[in-house]
Every structure is written in structure tokens, then in C-alpha cells.
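# Examination of the molecular architecture
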Amino acid sequence: MRDPQQDLDDLTAAGLRRELRTLSGPQRPQIQLGDEALLNFSSNDYLGLANEEALKITFQKAVAKHGVGAGSSRLISGTMTAHMILEETIATLKNAPAALTFSSGYAAATGSIPAIVGKDDYIILDKLCHASLIDGSRLSGATMRVFPHNDLQKLSDHLHWADRKKTPDSRVLVITESVFSMDGDLAPLREICGLTQRHGALLLVDEAHAFGIIGPRGRGLAAQLGMEQQIDFQMGTFSKAVGLTGGYLCAGRAWIDLLLNRARSFIYSTAPAPALAETITASLNLIAGERGDDLRSKLRENINILDPQANSAIIPVVIGANEAALAASQKLRENGFLVPAIRYPTVPRGTARLRITLSAPHREEDITALQDQLVLLKRNIDS
């Protein structure tokens, strides 16, 4: 039997070994990592709500009202009023008939996709889809085809292929993200909607990195394009712009009822704490109001400082080799910046990168200081 240390040594040799970082304070643009004070450009807390004072107060009051746990799965006795209000709120925001919430975005994907399609069905997904979407697709047992990132012609080819293979009872599910988590670019959502509709396919769009920051009231790219009614399943998380944790899927009432009966990550998990659900609802209401508009405006200003061409708060600096990306990340850390090196399997081999994420509470002087460091890094890499 191979010793696990050998596996760890192999990961180290390939520049792929990972270790935990422990922060000693709250999630915010200035963080404490051990004895290091760092500027944090690694977080998905795009609007800065993870440390929002009003939400902390809401959470404390909700714990006093509901207690700290739900006690059981939702289908046993764990469903509480706070869960139902949260689902009504997210469904309304996403302009959908109904919603189901999960303990995480990963649980939403791995529970929902196998509940929607099975072994007699077909899945067509973008090559750069998040691991949770890939894992959910594999768990479904459906026949899978992958199209190159945002390649509409190949998507069309795969849809024609599925048309030839499917039976009258087969489902064909196309899966994409609206904002891709490692590149920060947008899906050609309007064209994808058109293709799926022409072929009678279902469409699932993961809005994890768009919800809260793009579109009217932060409702996402689908809302910005006016495409909500053409998307069968709108998925997302409460762990990015919303500032907390959890996942959701919005869809028609019958689909949500089917998930309630089939989604194993929902059925066999204890319900999230009702105090958490109530605080998420408060965050959603904040995001959809004037305060949310102000935070989105500030975030856009910060994005424009670093990269006026960027479509999202995710700005990658692709380096290539794992070791070079790790060295660049370490150099930034030595100069007071936390910017993670992202490597395979999170991104394709040979595309290791620095993944910079911006948030509304970042200060202009901190962003320009990061710019200066990136210029120096590029000079060193090119020389």
C-alpha cells in the first residue's frame, strides 16, 4: 500500500500542494494572518458584507430568537419560518416562481443536477464550469459532453448530437456560469439561451459570482440581459456578495418540488441554522436596496482603477507554471498583499495564475499599491 506521504511529496514536487491559512480576525480588506498584516485581495466578499455591522446585529438577534441550530433535516422537522421566508425572498429577487436553499453552493450543484437528469439524459457544459457543476454532472449518471469555453459553435454541435441520441423522454441540460470564477469573464448568455431554446434543451446558469454585483438590484447577469424567463434553473450562493454561506436554486414550482424529493444533499443534511437564514434574508434586502446600489457603485469604481476593461470583480494574472505563480504570490505576500496562486485542477494545466478579487471597501491607495507591485512582478517575469 502506498504511503500517503508519498502522495503529499508528489504534490509538493508538482507545485500543487495546498495548506490552510488561518486569519486571526474578521474577513475584510485589511487582515491579520499570524503576525503579518496584509491587504486582502483574495476574498469573494465583493460588497464587504461579511463584516457588515447591521448584519452582525441581525445575526445576534436571530440567534436569541431561533437558537443556534435547526435540529434536523428540512424534511423531518428542520424547516422553520426563516427558511421559507429566505426562499420566497431569493425567488422574488431572481424573478422565479420558487426556490430551494442548500447548506452551500457545492451542495446546491451536487444535489440539484442529479435530481434534474439521470442515466437516460444528456448534459452539455462549458469546459471552465466550477468543480461543483462538474461533480454534480458526474453524479447524475447522464451522458456528458464538454464544449470549449464560451464556444457557441461547439455548443451547437453538441446540441445537434444530443438531438440525434435522445429519446422522447430524454432531457438535455446545458450548464454554464454567468461570471466564470477563475477568469472573471462573462458567458454569452443571450446566445446560449437562444441555442437551448431552439433545441428544446434545459438551461442551468450558475450566477455565484454575478449575483449581488451585476444587473438591476444586483440580481445577476440574467436580469441585466432580461433573460430570466428563458433560463430554467438559476443557481447561486450566499457566500460571495451576500457575505454569508449557503446555496440556492431557483426554478418552476414543479422542479423545486422534484428537488425536494430527489436532491440528496438537501434531503440528507441537517437544515442550516434558522438564524443564518434570517440573516441571509436581511443581506438580500440590503443588496436589493439603496445601500446595495451604493456598494455596487463603489465596487465598480475599484474595478476601474485596476482594470477598466474588466467585466467583473475577478481579475486574473495568468503566469503559466505552478512554481512561478507560487513565487509571485509569495513575493506579493512579502510586500504586504494576500493574492493566492491558483493552480491545477482549479484551472487547466499550464495556466497557473494570480487571482485578484476586488471588493467595495478596498481603498484606492491600496489598489494602486497593488498595481505597482504587479508592474514590478511582470518586469521580473519578462526579464
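Look up: the structure comes first, before these words.
Residues numbered from 1 in each chain as written. Predicted model: local features only at pLDDT ≥ 70, side-chain atom pairs only at ≥ 80, totals over all residues. Heavy atoms only, no water.

Our focus in this paragraph is the sheet that holds strand β12 (residues 341-342). The antiparallel open sheet is built from three strands, whose spatial order is β10-β13-β12. Either end of the sheet is taken by a strand with one partner, and the two such strands are β10 (314-320) and β12. Of the pairings in the sheet, the one linking β10 to strand β13 (residues 352-357) comprises six bridges and is antiparallel in character. Within β13, the position partnered with isoleucine 314 by the bridge is threonine 357. Docked against the sheet, helix α14 (residues 322-334) engages β10, β12 and β13, running at close to 35° with respect to β13. (Pairing = 2+ DSSP bridges. Helix = DSSP H or I, 4+ residues; strand = E, 2+ residues; numbered from the N terminus. Contact = heavy atoms within 4.5 Å. Axes fitted to C-alpha atoms, helices over the stretch in contact; angles between N-to-C directions.)

So, about the environment of alanine 115. Of note, alanine 115 is situated in helix α5 (residues 105-116). Under the relative-accessibility criterion, alanine 115 is labelled buried at 1%. Distance in space between the C-alpha atoms of alanine 115 and threonine 196 is 20 Å, their sequence separation being 81 residues. With near-sequence residues (within four places) excluded, alanine 115 lies in contact with Leu258, Leu259, Arg262 and Ala263. (Buried < 20%, exposed > 50% of the residue type's maximum accessible area, 1.4 Å probe, protein only.)

This part takes up the nonpolar core. In this structure, Phe41, Leu284 and Leu299 are the most contacted members of the largest nonpolar core, which totals 73 residues. Excluding anything up to four places from it in sequence, leucine 299 contacts Tyr46, Leu47, Ile213, Ala313, Leu358, Ser359 and Ala360. The next biggest cluster of nonpolar side chains, apart from the first, holds 28 residues, and it includes Leu100, Ala108, Leu249 and Ala263. (Core = buried A, V, L, I, M, F, W, Y, C linked by side-chain atoms within 4.5 Å.)

Right, let's get into the pairing of strand β3 (residues 98-102). The element β3 is largely enclosed, with a buried count of five among its five residues. Because side chains alternate across β3, one face comprises the buried residues Ala98, Leu100 and Phe102, and the other comprises Ala99 and Thr101, equally buried. Both β3 and strand β9 (residues 247-251) contribute to a ladder of five bridges, which runs antiparallel. Bridge assignment links phenylalanine 102 to a residue of β9, and that residue is glycine 247.

With that out of the way, let us pick up the state of the cysteines. Enumeration over the complete set of coordinates arrives at zero disulfides. Cysteine 129 forms no disulfide, and the closest cysteine sulfur to it belongs to cysteine 193, at a distance of 14 Å. Since its relative accessible area comes to 6%, cysteine 129 is described here as buried. Sulfur of cysteine 250: no disulfide; nearest cysteine sulfur belongs to cysteine 193 and is 15 Å away. (Disulfide = S-S within 2.5 Å.)

Purely geometric numbers; function is a separate question.
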